[in-house]
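Single-letter residue listing:
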Amino acid sequence: MSPDLPPVTPSVTAELVEALSPRLRKRLDAGVAKLAARPAVQDGDTVRIAVDDDTDLEMHAPGGVVTGTDAIRCGCLLAPDCLHRAAAACAAPVADRAPAADAVTESAPSDQDAPGEAEAAADTATAEQRTAAQALYAAAAIVLDAGTDGAGAVLQAELLRAAHTARLAGLPRASAAAVSVVTAVRAARSADPAYRLADLVGAHRDVLGIAHRLPHATGADLARLRGAARQPYRPDGSLRLYGLFSEPVLTATGYAGAVTWTADTEGRLQTVSDVAPGGPGRATGAADRAVRIGDTALTHRELSRAGLAVSGATISPTGRLGAGAGVRAVRASGVTWHDEPLARLWAVPVAQQVARALDGGHDLLFLDVTLTGTARGTTGDCLLADCDGLTLRLTTAHDNPALPYRDNLRLLAAARGSRLRIIARLAPGPLPRALLLATQHPGDPTARTDLGLDRLQHADLPARTTPPLPAVTPVDEAPLHLLRRRVHQAVSGGRRVLAFPGSGAADSARLRRLGLATAGDLLDDLHDAAADRSRDAFGRLLPADTDRFARAWLAAAVYTDEVERSLCAAAWTATGQTAPAFR
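### Digging into the sheet that holds strand β1 (residues 40-43)
(1) Moving on: On the basis of which strands lie adjacent, the open sheet formed by four strands has the order β1-β2-β3-β4 and antiparallel pairing. Two strands close off the open sheet at either side, each with one partner strand: β1 and β4 (72-74). Looking at each pair of strands side by side, their axes are set apart by 20 degrees on average, direction ignored.
(2) Moving on: In the sheet, strand β2 (residues 46-50) pairs with strand β3 (residues 56-60) via five bridges, with the strands oriented antiparallel. In the strand pairing of β3, T46 is matched with H60.

### A short note on the pattern of salt bridges
(1) Moving on: Summed over all chains, the structure comprises 33 salt bridges.
(2) Moving on: Residues R196 and D399 are paired through a salt bridge, measuring 2.0 Å at the closest nitrogen-oxygen approach. Residue R196 is located in the loop between α9 (172-189) and α10 (197-213), and its partner D399 is located in the loop between β14 (390-396) and α16 (405-412); the two are separated by 203 residues in the primary sequence.
(3) Moving on: Of the charged contacts, one joins D407 and R455 as a salt bridge, the two residues approaching to 3.0 Å between their closest N and O atoms. Taken together, the residues span a long stretch of sequence, with D407 in helix α16 and R455 in the loop between β17 (444-450) and α17 (481-493) at a distance of 48 residues.
(4) Moving on: Take R455: its relative accessible area is 43%, and that puts it in the partly exposed class.
(5) Moving on: The structure contains a network of salt bridges with shared partners spanning D288, R301, R305, D450 and D454.

### Some details on the environment of Y137
(1) Moving on: Relative to the helices and strands, Y137 resides in helix α7 (residues 127-150).
(2) Moving on: Those residues in contact with Y137 that lie beyond four places of it in its chain are L208, A211, H212, D547, A550 and R551.

### A short note on the sheet that holds strand β9 (residues 307-311)
(1) Moving on: Spatial ordering of the open sheet is given by β8-β7-β6-β9-β11, a layout of five strands whose pairing is antiparallel. The open sheet has two edge strands, β8 (269-277) and β11 (328-332), and neither has a second partner. Adjacent strand axes in the sheet meet at a mean angle of 30 degrees when their direction is disregarded.
(2) Moving on: Bridge count between strand β6 (residues 239-250) and strand β7 (residues 255-263): eight bridges; the pairing is antiparallel. Residue pairing in the sheet places S246 in a bridge with T260 of β7.

### Notes on a positive patch on the surface
(1) Moving on: A cluster of like positive charges, contributed by R23, R27, K34 and R38, occupies part of the molecular surface.
(2) Moving on: In this structure R38 comes out as partly exposed when scored by relative accessible area, which is 31%.

### Thoughts on helix α8 (residues 153-168)
(1) Moving on: Taking 1.5 Å per residue as the helical rise, α8 with its 16 residues ought to reach 22 Å, and the 22 Å between its terminal C-alpha atoms agrees with that figure.
(2) Moving on: The complete set of buried residues in α8 reads A153, Q156, A157, L159, L160, A162, A163 and A166.
(3) Moving on: Those residues of α8 hidden inside the fold are in contact with α1 (10-18), α3 (28-36), α4 (83-91), α7 and α9.
(4) Moving on: Phi for G170, located one or two positions after α8, is positive at around 85 degrees.

Thresholds applied
Throughout this description, residue numbers start from 1 for each chain and increase along the sequence as written. In keeping with the predicted nature of the model, local features appear solely for residues at pLDDT of at least 70, side-chain atom pairs appear and are counted solely at 80 or more, and the whole-chain, interface and lining totals rest on all residues. Each side-chain value is derived from all of the structure's non-hydrogen atoms; neither hydrogens nor water enter the calculation. Any two strands with at least two DSSP bridges between them are considered paired. Helix and strand assignments follow DSSP, with helices taken as H or I runs no shorter than four residues and strands as E runs no shorter than two, numbered in order from the N terminus. To obtain each axis, a line is fitted to C-alpha atoms, and for helices this fit is confined to the stretch in contact; angles are then taken between N-to-C directions over 0 to 180 degrees. Any carboxyl oxygen of Asp or Glu within 4 Å of a side-chain nitrogen of Lys or Arg constitutes a salt bridge here. Only protein chains enter the accessibility calculation, which uses a 1.4 Å probe. A residue is then buried if its area is under 20% of the maximum for its type, exposed if over 50%, and partly exposed in between. For this analysis, residues touch if any pair of their heavy atoms sits within 4.5 Å. Patch membership requires over 30% relative accessible area and the absence of a salt bridge. Like charges are linked within 9 Å, and nonpolar side chains (Val, Leu, Ile, Met, Phe, Trp, Tyr) within 5 Å. Here the accessible surface of atoms and residues is derived via Shrake-Rupley with a 1.4 Å probe, and residues count as covered only by protein chains that are part of the display. Positive residues here are Lys and Arg, negative ones are Asp and Glu, while His and the chain termini are left out of the count. Here the site of a charge means atom NZ of a Lys, CZ of an Arg, CG of an Asp or CD of a Glu. One less than the residue count of a helix, multiplied by 1.5 Å, gives the span that helix is expected to have.

Everything listed here is a matter of coordinates, which is why it stays silent on function.
Okay, here's the thing in structure tokens:
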């Protein structure tokens, strides 16, 4: 996947790949790799790629997104039926409409902003939605069966076609999940440093889970599975807002910007966002752009430390502020994190904050911690902190080197012993872990630092030295990793890596011996489904049952996720308690 190319909508990629002959489809992956390595030059809304010395390919992207097949033009002799157009679409990021919708300024609330009455009252999915969900499930199951190495451009295009069909059928949540799978698969195949296997596992679990449940869902559960293509904005009168912090946004689908978090006098959180197609430069530069509310000239960086008085405010169910023509806003004074009304966010018990995040509320944690040192984990170095007797692991919120998260975390490690007020995002897991977003300035209790936008200096650290603190006592974990590892291996390597007979027998026996009988049964079922290959009368292998394997994998993934959520909730409430030992 080349970040230099404009995002392409799923329907365009699917249509171009489908138009290829079988002979060209076999060469598509090689063509994608070759084209992704060629230089691309942007000229306004057009990106030109030098296919070779005599041939250029153009991608016309008005608004930053390629929305039609005729917007990709090639100068070779075989055009428009050439391989280059499809390869360019497959090499480009997938256009995800969700982040773009976040950045669109909203007009005054209207009936078009809310779901239709007929859709809201529907108790069951329509025939079109059931058909789209089944097609999406089948396409995602084939990608899972092949793994990242086997899921080439053709299989990706089939999943994108199913995603486009799902969106047309009124299933935006399922469509977005499928696009996330394709984006993560492309990142894995291109050795993108930002690729995370856990993200791909989560995307697979979402798309298969939604497609599996939707045909049988009713009422409110069906509405959640369908999702919403556009957030409805409703009037909220006048608001007095106080800036909390700003964070950069940088997605794998080619969108970037900034989001500023604020709180009103009642402690409710609202966000102001500026997200559009772009890269790391836009993510860091958006903080100095004026916020899109009223006529205020405040930038995101300034709003994070100041305040706003808003009249005629509109707000979405997720707390996003609208910026319609009727909204008026003027600059107001801000307060420190230690003053009301912001201080009440830190007064909520930690366990209650974690429970809120796990139950679907916002996932921000407002904590008072003492920095104690560093530790090396499976995902890299982390900053250790004591939070009311609980050992907390703080990690970077984004690994892109253009963002200062990692450098700031490394500097904070030198401030061992400092007592700081922080804002972090919960990272569910068997140990207390969070992504550090903002912190009280180490040298000035009244100031704050947005770790994704501001850069700390050595001069900002306190001059005092602190004695070494006691080492962190290792905590034994439940052996759920025995099942989680197989779930991840299936996504990475496909069904074949689990197809060896008896390869999971010892792990299943250990899980049962330690009281995780359900996990042992799921692991056995996953291996059995992977190894299930029947033969015809001539001894030839029949096609694998991708549906059975996908169902077995989905059951194991959902079980693992739910158990990890329970362990996460227990870990954050285990202050001063001894963790159970597992062998």
